[in-house]
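Take a look at the letters that make up each chain.
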Amino acid sequence: MPLWLADTVAKLMQRLPNNMPARADLSFAEIPVTLRDATIPTRHGAVDAQVYAPSDGSSGKGVYVNFHGGGFVMRHPEQDDALCRYIAANAGVTVVNVDYIPAPQSRFPGPVEQAYDVAVWATSMERPWLGDKLVLGGQSAGGALAAGAARLALERGTPHVSLQVLMYPPLDLTVPAKTKLSEGKETLLARMGPTFDTAYCPDVERRTDRLISPASSSDGADLTGISPALIVTAERDILREEEIRYAARLAGVGALREHIDLPNVGHGFNLSDAPREVVETVYAAIARHVRGSLS
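Our subject in this report is the structure included herewith. Treat the numbers as computed from the prediction; the structure is a model and nothing was measured.

Thresholds applied
Residues numbered from 1 in each chain as written. Predicted model: local features only at pLDDT ≥ 70, side-chain atom pairs only at ≥ 80, totals over all residues. Heavy atoms only, no water. Salt bridge = Lys/Arg side-chain N within 4 Å of Asp/Glu carboxyl O. Buried < 20%, exposed > 50% of the residue type's maximum accessible area, 1.4 Å probe, protein only. Helix = DSSP H or I, 4+ residues; strand = E, 2+ residues; numbered from the N terminus. Expected span 1.5 Å × (residues − 1). Pairing = 2+ DSSP bridges. Polar contact = N/O pair within 3.5 Å; in protein donor to acceptor, adjacent residues only side chain to side chain. Axes fitted to C-alpha atoms, helices over the stretch in contact; angles between N-to-C directions. Parallel < 35°, antiparallel > 145°, perpendicular 65-115°, else oblique. Left-handed = near helix turned anticlockwise from the far one by under 90°. Contact = heavy atoms within 4.5 Å. Nonpolar A, V, L, I, M, F, W, Y, C, P; charged D, E, K, R; others polar. Phe/Tyr/Trp six-rings, centres within 6.5 Å; stacked < 30°, edge-to-face > 60°.

### Some remarks on the pattern of salt bridges
Summed over all chains, the structure comprises 18 salt bridges. Ionic pairing is found between E126 and R127, a salt bridge with its closest N-O pair at 4.0 Å. Take E126: its relative accessible area is 66%, and that puts it in the exposed class. According to the relative accessible area criterion, R127 is buried, its value standing at 18%.

Structure below.
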């Protein structure tokens, strides 16, 4: 990695530490779950995960594999603790919260391949849950990884993915982040985007790959048969337009379960200052779709 990029990433990591505090009003600490640690093998090395099981001691009706956000460069899976607790309790599934290896240690397509390998691992008959009932989900960069893993599952014919939950994911890296900024949109992601994108995929030409930019015009493949999706977008997010394009693309092949487009909130709304009732409404919709997809 060039020294200038290493320095930029290091400074960014200092400003945005791994142990970023979660919202105290949305921790769902009162939700009882059974927790255990897991180590999952992938082609890029073993990754750690925390496994959330329903409090009744069962493994639930299936498994939800969650990938956290962080611009493909930061590791803070603990930020998704509240979401994982909520889904485990309200959808009645085991949730595997994955601490994948990010860039620059693992650049594209490394994190996508890790996500796919974890999905394959999760469907093994050796697991204590119903591996043939699998949901992939993620927020921001994690949503992009879930989408990429679902695409690989389509192309390879396995594993079967019952649902993909994509919350405000970056889906078109062919367009520079700064040019996505328009009136009414947040500026933070536009400023940090170039650093994230360069660390994750320094080869600009490679950003046309369907596993990194499925919402770009460079990807015209037929997506018939891809797992159905719940897509959540935010009005003030600079990524909203590419997410809407992808939602329309999935709808065109009958693979869009629901598109929730939230007014007056931005990227990472559930981790920042969105009203509690807004976040809970989204989480309840996710749990509802997960239950429905695994029944």
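### Description of helix α5 (residues 188–200)
Over its 13 residues, α5 runs 18 Å from end to end, which matches the ideal 18 Å to within 8%, given 1.5 Å per residue. Counting buried residues along α5, ten of its 13 residues qualify, which places the element largely inside the surrounding structure. Taken together, the buried positions of α5 are L189, A190, M192, G193, T195, F196, D197, T198, A199 and Y200.

### Here we look at the pairing of strand β5 (residues 134–139)
Judged by how many residues are buried, β5 sits mostly within the fold: six of six residues are covered. Of the two faces of β5, the one holding L134, L136 and G138 and the one holding V135, G137 and Q139 are both buried throughout. Summarising the sheet, strand β3 (residues 63–67) and β5 pair through five bridges and their orientation is parallel. Looking at β5, one finds that V65 is bridged to L136.

### Things to note about the side chain of D219
Tracing the backbone shows D219 in the loop between α5 and β7 (229–234). On the basis of relative accessibility, which here comes to 9%, the residue D219 falls in the buried class. A distance of 3.4 Å separates a polar side-chain atom of D219 from the backbone nitrogen of A221.

### Some words on the packing of helix α2 (residues 81–91) against helix α7 (residues 276–294)
Between two packed helices, both the angle of their axes relative to each other and the distance between the axes serve to describe the pair. Here α2 crosses α7 at 45°, and the two axes come no closer than 9 Å. As judged from the angle between their axes, α2 and α7 are oblique. Two packed elements cross with a definite hand, and for α2 against α7 that hand is right-handed. Across the interface between the two elements, L83, Y86, I87, N90 and A91 from α2 touch E280, Y283, A284, I286, A287, V290 and R291 from α7. Its residues placed into classes, the contact of α2 with α7 shows nine nonpolar, one polar and two charged.

### Thoughts on the environment of S293
Assignment of secondary structure puts S293 in helix α7. Residue S293 is classed as buried on the basis of its relative accessible area of 14%. Sequence separation between S293 and Q164 is 129 residues; the distance between their C-alpha atoms is 9.9 Å. Sequence-distant contacts of S293, defined by excluding residues within four places in its chain, comprise V135, S162, L163 and R257. Among the polar contacts made by the side chain of S293, one reaches the main-chain carbonyl oxygen of V290 at a distance of 2.9 Å.

### So, the sheet that holds strand β2 (residues 47–54)
Spatial ordering of the open sheet is given by β1-β2-β4-β3-β5-β6-β7-β8, a layout of eight strands whose pairing is mixed. Both edges of this open sheet fall to β1 (33–40) and β8 (256–262), since each of them pairs with a single strand only. Going from strand to strand, the sheet's axes swing by 15° on average, the running direction of each strand aside. Both β3 and strand β4 (residues 94–99) contribute to a ladder of five bridges, which runs parallel. From the neighbouring strand, Y64 faces β4, where its bridge partner is V95. Packing against the sheet, helix α6 (residues 240–251) makes contact with β6 (163–167), β7 and β8, and its axis sits at approximately 155° to β7.

### Describing α6
Compared with the 16 Å implied by 1.5 Å per residue over twelve residues, the 16 Å span of α6 between its first and last C-alpha is a close match. Taken together, the buried positions of α6 are occupied by R240, E242, E243, Y246, A247, R249 and L250. In this structure, the buried side of α6 is in contact with α4 (141–156), β6, β7 and β8.

### Points about the packing of aromatic side chains
Throughout the structure, instances matching the rule amount to seven aromatic pairs. Ring centres 3.8 Å apart and planes at 0° place the aromatic pair F72 and Y200 in the stacked group. Of this pair, F72 sits in the loop between β3 and α2 while Y200 sits in helix α5, placing them 128 residues apart in sequence. Each of the two residues, F72 as well as Y200, counts as buried.

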